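Secondary and tertiary structure notes
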Amino acid sequence: MIRDITIGQYYPAKSCIHRLDPRVKIVCTLLFLVSLFVQNSVLGYGIATLFLAMVIKTSRVPLKFIVKGLKAIVVLLLFTVCMNLFLTKGGKELVHFWIFHITENGLRTSVFMAVRLIYLIMGSSIMTFTTTPNGLTDGIESLLRPLNRFRVPVHEVAMMMSIALRFIPILLEETDKIMKAQIARGADLESGNIIQRTKAMVPILIPLFVSAFRRANDLAMAMEARCYNGGENRTKMKPLIYKTRDHMAYLITALYLAAVFVLGRAVPFHLWIF
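**Side note on the overall build of the protein chain**
Of the regular secondary structure elements, the protein chain holds ten helices and two strands. For the protein chain, the succession of helices and strands along the chain, N to C, is α-α-α-α-β-β-α-α-α-α-α-α. Each of the three principal axes of the protein chain carries a C-alpha extent, and together these read 70 × 60 × 40 Å. The buried share of the protein chain, taken over its 274 residues, is 34%. By element, 68% of the accessible surface of the protein chain is carried by carbon and sulfur atoms, the whole surface being about 17,400 Å².

**Description of the environment of Asn-105**
Locating Asn-105 in the fold gives a position in helix α5 (residues 104-129). According to the relative accessible area criterion, Asn-105 is partly exposed, its value standing at 22%. C-alpha of Asn-105 to C-alpha of Leu-87: the two residues are 18 residues apart in sequence and 9.9 Å apart in space.

**Remarks on the packing of aromatic side chains**
Evaluated as defined, the whole model comprises eight aromatic pairs. Taken together, the aromatic side chains of Tyr-11, Phe-65 and Phe-129 make up a single cluster linked through ring pairs. The ring of Tyr-242 carries Arg-23 above its face, with NZ or CZ at 4.1 Å from the centroid.

**Focus on helix α9 (residues 202-225)**
The end-to-end C-alpha distance of α9, which contains 24 residues, comes to 35 Å, matching closely the 34 Å that a straight helix rising 1.5 Å per residue would cover. Where α9 is concerned, the buried positions are Ile-204, Leu-208, Ser-211 and Ala-212. Buried residues belonging to α9 abut α7 (154-184) and α8 (194-200). Cys-227 sits one or two positions beyond α9 and adopts a positive phi of about 55 degrees.

**Regarding a nonpolar patch on the surface**
Residues Leu-94, Val-95, Phe-97, Trp-98 and Phe-100 make up a contiguous nonpolar surface patch of about 550 Å² in total accessible area. It is strand β1 (residues 93-97) that provides the largest number of residues to the nonpolar patch, a total of three residues. By secondary structure assignment, the location of Phe-97 is in strand β1.

**A look at the pattern of salt bridges**
If the charged atoms of two oppositely charged side chains come close together, the side chains can form a pair. If you walk through the whole model with that rule in mind, you get four salt bridges. Of the charged contacts in the structure, one is a salt bridge between Glu-174 and Arg-215, with a shortest N-O distance of 3.2 Å. One end of the pair, Glu-174, is in helix α7; the other, Arg-215, is in helix α9, and 41 residues separate them in sequence. Residue Glu-174 is classed as buried on the basis of its relative accessible area, which comes to 16%. With relative accessibility at 30%, the residue Arg-215 sits in the partly exposed group.

**Topic: a positive patch on the surface**
Taken together, Arg-19, Arg-60, Lys-243 and Arg-245 make up a surface patch of like positive charges. With respect to the helices and strands, the residue Lys-243 is situated in the loop between α9 and α10 (244-266).

**Concerning the confidence of the model for the protein chain**
Scored by pLDDT, the protein chain has a mean of 82; 92% of the residues are at 70 or more. When mean pLDDT is compared element by element in the protein chain, helix α1 (residues 22-37) scores highest at 92, while β1 scores lowest at 72.

**Points about the packing of helix α6 (residues 133-143) against α7**
One can describe the packing of α6 onto α7 by two numbers: an axis separation of 9 Å at closest approach and a directional angle of 155 degrees. When the axes of α6 and α7 are compared, the pair comes out roughly antiparallel. Where α6 crosses over α7, the handedness of that crossing is right-handed. Residue-level contacts link Pro-133, Asn-134, Leu-136, Thr-137, Ile-140 and Glu-141 of α6 to Val-154, His-155, Ala-158, Met-159, Met-161, Ser-162, Leu-165 and Arg-166 of α7. Taken together, the residues of the contact of α6 with α7 break down into eight nonpolar, four polar and two charged.

What counts, and where the lines are drawn
- Residues numbered from 1 in each chain as written.
- Predicted model: local features only at pLDDT ≥ 70, side-chain atom pairs only at ≥ 80, totals over all residues.
- Heavy atoms only, no water.
- Helix = DSSP H or I, 4+ residues; strand = E, 2+ residues; numbered from the N terminus.
- Buried < 20%, exposed > 50% of the residue type's maximum accessible area, 1.4 Å probe, protein only.
- Areas by Shrake-Rupley, 256 points an atom, 1.4 Å probe, with all protein chains shown as cover.
- Phe/Tyr/Trp six-rings, centres within 6.5 Å; stacked < 30°, edge-to-face > 60°.
- Lys NZ or Arg CZ within 6 Å of the ring centre and 35° of its normal.
- Expected span 1.5 Å × (residues − 1).
- Contact = heavy atoms within 4.5 Å.
- Patch = residues over 30% accessible without salt bridge, like charges linked within 9 Å, V, L, I, M, F, W, Y side chains within 5 Å.
- Salt bridge = Lys/Arg side-chain N within 4 Å of Asp/Glu carboxyl O.
- Lys, Arg positive; Asp, Glu negative; His and termini not counted.
- Charge placed at Lys NZ, Arg CZ, Asp CG, Glu CD.
- pLDDT = per-residue confidence, 0-100.
- Axes fitted to C-alpha atoms, helices over the stretch in contact; angles between N-to-C directions.
- Parallel < 35°, antiparallel > 145°, perpendicular 65-115°, else oblique.
- Left-handed = near helix turned anticlockwise from the far one by under 90°.
- Nonpolar A, V, L, I, M, F, W, Y, C, P; charged D, E, K, R; others polar.

Written as structure tokens, this is what we have:
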């Protein structure tokens, strides 16, 4: 399960998505995520599916690598689907078993919520797979720069987010090593009830926290030794400049949003209860 978490990883490839300005990818990803929650029709989600498939194909990131990241949210996905399926009332009753009632509104809501969560993870993964941590830092800092007028430490916030993204794969690898070392010493991490499994995680969490604090201290000392000073008047080796392909990406995203809002809401398209 630890190796299935792909958030924060960068997949190097030669594609036009990789060459886009990081600000474009951040803004377009946010707009795509917003579009998933503002429409509630089969046609709208069909358009979102085509758009996401086009982006994945253009990015040249293997689909199995993107789907691999969904394994980490299987439990959350099943819990969300079950809660919406059995607790949402309204419409014609489809199944009645003991105290469980499945209605048309419950089935429709659970399916749409599952699609939203899956597309949310896949859309966010495309951004991290095609953007380096340094690119994400520069893009976030550039987008949040207007907040400097309100004395918000934009550079420090962007730096913390970049460091967090860099540490995720490192900590996951460290966790995997600690678990293998504990299993080699005879630790049982997979059997027993929830309480026993929680107690078995203590020998893993303690060395993991110690390792994380040690890495953070080493990083802080290295930055101080190099006289790092971020914030105002700090120049960039690779300044962010919009190019033609960036404007085209904005245009394509705008057309997608127009199609979702216009076709998804105005065109009458019904499929069973959806």
